[in-house]
Amino acid sequence: MGTDLHELLRSLRVWAPEITELPPFDPDEAPAEPLALFTRWFAQAVAAGQPEPHTMSLATSDDEGLPDVRTVMLHGADATGWSFATHVTSRKGRQLTARPYAALGFYWPALGRQVRLRGPVTAAASAEGQADLHARSTGALAAALTGRQSEVLGSLAELAEVSEAAWTEARRSPDSPVPTWTLYRLAPDEVEFFQGDARRRHVRLAYRRTASGAGAGAGAVSGGWSRVLLWP
């Protein structure tokens, strides 16, 4: 007997209390810029045991404006932006070349939290991208050496053969270059922090980039960022 999708959906809960803690979030106590709050929330997600908190959704659009989304890994976040990497020849790489603007989404259900970012994307210098790749695992290098991302695959046997050769090269030459591998940075124009609430009084705090200003508290402007609350 097949699974009834609708019955399965109705059996599920969001933020079951035995696995999810919904901590309070006072936006008036939030820092003046989003990176500090992201770093704090990320550390709290790790401490809460959130599986793979460094994975995120990356949304791009093609040259016709049609959207696309996939899950990728965060490589870092600092004053220059949130970084991730891929082949410039992959689908997302080609889309970023055509339209260098994207959105990122983090979801940490252990705490009922989301973080959403959107803004322009730039490619780092090739040397920086190669250094980032070679600082990662042997498996990451082998996957990059396998290449051909988003191309049509003839068979799983072909994948196994090419992948095995890539693993051999990665182990033999851990500094092997991958010319198409590119490190990208998204410099957000807007960052939204969402804290879930059991009574659906979710708190949404949005940081929006601005030229300059000063102030404190939600709705204020500070250090090039304005802060506003959004209805849930």
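Throughout, a residue's number is its position along its own chain's written sequence, starting from 1. In keeping with the predicted nature of the model, local features appear solely for residues at pLDDT of at least 70, side-chain atom pairs appear and are counted solely at 80 or more, and the whole-chain, interface and lining totals rest on all residues. To get the side-chain values, all heavy atoms of the structure are used, and hydrogens and water are removed first.

Draft legend 1. Up close: the overall build of the protein chain. For the protein chain, the count of helices and strands is six helices and 11 strands. Reported as C-alpha extents along the three principal axes, the dimensions of the protein chain are approximately 60 × 55 × 40 Å. The buried share among the 232 residues of the protein chain stands at 38%. In the protein chain, of all internal contacts separated by at least 6 residues, the share reaching a separation of at least 24 is 62%. Accessible surface for the protein chain amounts to roughly 13,200 Å². Of this, 55% is attributable to carbon and sulfur atoms. Charge assignment in this entry is limited to Lys and Arg as positive and Asp and Glu as negative, and neither His nor the chain termini are counted. For the purpose of locating charges, the reference atoms are NZ of Lys, CZ of Arg, CG of Asp and CD of Glu. If the 23 positive side-chain charges of the protein chain are averaged to one point and the 26 negative ones to another, these points end up 4 Å apart. Secondary structure is summarised from DSSP: a helix means a run of H or I of at least four residues, a strand means a run of E of at least two, and numbering begins at the N terminus for each. Each residue is placed in one exposure class: buried if its accessible area under a 1.4 Å probe, protein chains only, is under 20% of its type's maximum, exposed if it is over 50%, and partly exposed if it falls in between. Here, residues are in contact when the closest pair of their heavy atoms is within 4.5 Å. Surface exposure here means Shrake-Rupley accessible area, sampled with a 1.4 Å probe, where a residue is shielded only by the protein chains that are shown.

Draft legend 2. Structural detail: the environment of Gln50. By secondary structure assignment, the location of Gln50 is in the loop between α2 (34-47) and β1 (55-61). Once the C-alpha coordinates of Gln50 and Phe194 are considered, the two residues, 144 residues apart in sequence, prove to be 16 Å apart. Every residue in contact with Gln50, bar those within four places of it in the chain, is listed here: Ala45, Trp108, Pro109 and Ala110. Any N or O atom pair separated by 3.5 Å or less is treated as a polar contact, with the protein-specific requirement of one donor-capable and one acceptor-capable atom, and with residues adjacent in sequence counted only for side-chain atom pairs. Within polar-contact distance, the side chain of Gln50 engages the backbone nitrogen of Ala110 at 2.9 Å.

Draft legend 3. Structural detail: the packing of aromatic side chains. Centre distance within 6.5 Å is the pairing criterion for rings of Phe, Tyr and Trp, where only the six-membered ring of Trp is used; planes under 30 degrees apart are then read as stacked, over 60 as edge-to-face, and the remainder as tilted. For the structure on display, the rule yields 11 aromatic pairs. Measuring from ring centre to ring centre gives 5.2 Å for Phe25 and Trp41, while their planes differ by 75°; the resulting arrangement is edge-to-face. Taken together, the positions of Phe25 in the loop between α1 (5-10) and α2 and Trp41 in helix α2 put the pair 16 residues apart, joining distant regions of the chain. Summarising the burial analysis for this pair, Phe25 and Trp41 share the class buried. Between Phe193 and Tyr207, the aromatic rings sit 5.7 Å apart at their centres with planes inclined by 70°, giving edge-to-face as the arrangement. Here the residue Phe193 occupies a position in strand β8 (residues 190-195), and Tyr207 occupies one in strand β9 (residues 203-209), the gap between them amounting to 14 residues. Side by side, Phe193 and Tyr207 carry an identical accessibility label, which is buried.

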